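Structural overview
Here are the chains, one letter per residue:
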Amino acid sequence: RLTDVTAPVGTYVIVRLIVSLMLMTVGTVGMYVGIVGLKPIAAEFGISRGVGSLPYALFMLGYGFGNVIHGRLADRYGILLPLLIGSVALPAGLILSAQAESLWQFLAAIALLGGTLGSSAVFAPIIADVSLWFTGRRGLAVAFVLSGSYFAGAIWPPVLQYLISEYGWRSAFVTVGYFCLATMVPMSLLLYRKPVHLFSDKAAPRERQFVHPLGLAPNVLQCTLCIAGIGCCVGMSMPQVHIVAHATDLGFAAARGAEMLSLMLGCGIISRIASGWISDRIGGLRTLLLGGGLQGV
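Note that this is a predicted model, so its numbers are computed, not measured. (Residues numbered from 1 in each chain as written. Predicted model: local features only at pLDDT ≥ 70, side-chain atom pairs only at ≥ 80, totals over all residues. Heavy atoms only, no water.)

Turning our attention to helix H7 (residues 103-118). Look at H7: only 20 Å from first C-alpha to last across 16 residues, short of the 22 Å you get at 1.5 Å a residue. Within H7 the residues assigned to the buried category are Phe-106, Leu-107, Ala-109, Ile-110, Ala-111, Gly-114, Gly-115, Thr-116 and Gly-118. Residues of H7 that are buried in the fold lie against helix H2 (30-36), helix H3 (38-45), helix H5 (54-77), helix H6 (80-98) and helix H11 (169-189). (Helix = DSSP H or I, 4+ residues; strand = E, 2+ residues; numbered from the N terminus. Expected span 1.5 Å × (residues − 1). Buried < 20%, exposed > 50% of the residue type's maximum accessible area, 1.4 Å probe, protein only. Contact = heavy atoms within 4.5 Å.)

Quick look at the structure:
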């Protein structure tokens, strides 16, 4: 089943799924600008490699906080409002960061506009929205859209590295910013419809099954998943952020480092979609235990 509400179904739901994937692929570019541009940005501002990691770190902190804000907006008004905010804030953050004359101006633009108000709009709200439109294969649908952040990781690093090598990091940020503005706004407008779930009493019987998922209070389960998420991301944060810079330290071209990052995250597309497929068959809890066990091994 695609959905358990009365309308709309069929083609629009598939279009919505594909557009959601594309929005996440474009909108999470903010995760990678600081990674690929780490060394030239650090050199221009005269800072160390550790301090040069701050753009990514602060972007991700803002990204996490922004997901809560945009998630709340999506719950109350539907997904279109947070998407439009993000579609303007992310390009503004990229363009203004390219004009920064000091490190704190650069960090503020990346963290507040790029992360808190920008890229976060295309993560939690989109994932929650997809789960309202799909029931029979919800795990696969959510995994398909979630893989957008890995598509971004596979596509954007080589593109960014080329732009930075040819035109400098400031010009690269401006170019990507205008591209995001030109593509994200029209794609967001395609998601104008709200699921019946948001504006009718049909929500009540549909959501009752989630009052105590896995026999746990919702807040307990939420906190447990958050802790698991931190554990997962700690393991991948160092290679993801420093792999491009490390490749150049070893004497390889920066383009090779960008390709390494692209390959690593490209493999994540396969694992994420496979996890969604598995989840539909054995359940979310068993899938989490399987994934956590394999990561530990």
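Having put the structure on the table, let's press on.
The terminal C-alpha atoms of helix H10 (residues 148-167) lie 27 Å apart, and with 20 residues this matches the ideal 28 Å at 1.5 Å per residue to within 8%. In H10, a bend of some 35 degrees at Trp-156 exceeds every other bend along the element, and Pro-157, a proline, comes one to four places later. Looking at H10, one finds that the buried residues are Gly-148, Ser-149, Tyr-150, Ala-152, Gly-153, Ala-154, Trp-156, Pro-157, Leu-160, Gln-161, Leu-163 and Ile-164. (Bend = angle between axes of the 7 residues up to and from the residue.)

This part is about the side chain of Ser-87. As for its placement among the helices and strands, Ser-87 is situated in helix H6. Overall, Ser-87 belongs to the buried group, its relative accessible area being 0%. At 3.1 Å, the side chain of Ser-87 forms a polar contact with the side chain of Ser-188. (Polar contact = N/O pair within 3.5 Å; in protein donor to acceptor, adjacent residues only side chain to side chain.)

On to the pattern of salt bridges. What the rule picks out here adds up to five salt bridges. Arg-256 is the partner of Glu-259 in a salt bridge, and the nearest nitrogen-oxygen pair spans 2.7 Å. Residue Glu-259 and its partner Arg-256 are both found in helix H14 (residues 254-282); the two are separated by three residues, about one turn of the helix. A network of salt bridges, in which partner residues are shared, links Lys-39, Arg-49 and Asp-249. (Salt bridge = Lys/Arg side-chain N within 4 Å of Asp/Glu carboxyl O.)

Along the polypeptide, Asp-129 turns up in helix H8 (residues 124-133). Filtering out sequence-adjacent residues up to four positions away, Asp-129 remains in contact with Arg-16, Ile-79 and Pro-195.

Another aspect to go through is the state of the cysteines. In total, this model carries zero disulfides according to the counting rule given. Unpaired in terms of disulfides, Cys-223 finds its nearest cysteine sulfur in Cys-226, a separation of 6.2 Å. A residue is classified by how much of its surface remains accessible, and Cys-223, at 48% relative accessible area, is partly exposed. Cys-226 sits in the partly exposed class, given a relative accessible area of 44%. (Disulfide = S-S within 2.5 Å.)

In this model, the protein carries an average pLDDT of 85, and 91% of its residues clear a pLDDT of 70 or more. Counted against residues more than four places away or in other chains, residues 202-206, with its pLDDT under 50, gives nine contacts. (pLDDT = per-residue confidence, 0-100.)

Turning next to the nonpolar core. Counting 60 residues, the largest nonpolar core has Val-29, Phe-106, Ile-126 and Phe-173 as its most contacted members. Residues in contact with Phe-173, not counting those within four places in the same chain, are Val-33, Ile-41, Leu-94, Ser-97, Ala-98, Phe-106 and Ile-110. (Core = buried A, V, L, I, M, F, W, Y, C linked by side-chain atoms within 4.5 Å.)

In this structure the tally under the stated criterion is ten aromatic pairs. When the ring of Phe-45 is compared with that of Phe-106, the centres are 5.9 Å apart and the planes differ by 45 degrees; the resulting orientation is tilted. Remark: Phe-106 occurs in helix H7 and Phe-45 occurs in helix H3; sequence separation between them is 61 residues. The side chain of Arg-193 reaches across the aromatic face of Tyr-12, ending 4.5 Å from its centre. (Phe/Tyr/Trp six-rings, centres within 6.5 Å; stacked < 30°, edge-to-face > 60°. Lys NZ or Arg CZ within 6 Å of the ring centre and 35° of its normal.)

Interaxial distance between H3 and H11 falls to 10 Å at its minimum, and their mutual angle equals 125 degrees. Regarding the angle of H3 to H11, the classification is oblique. Only Trp-169, Arg-170 and Phe-173 of H11 make contact with H3, whose side of the interface consists of Pro-40, Ile-41, Glu-44 and Phe-45. (Axes fitted to C-alpha atoms, helices over the stretch in contact; angles between N-to-C directions. Parallel < 35°, antiparallel > 145°, perpendicular 65-115°, else oblique.)

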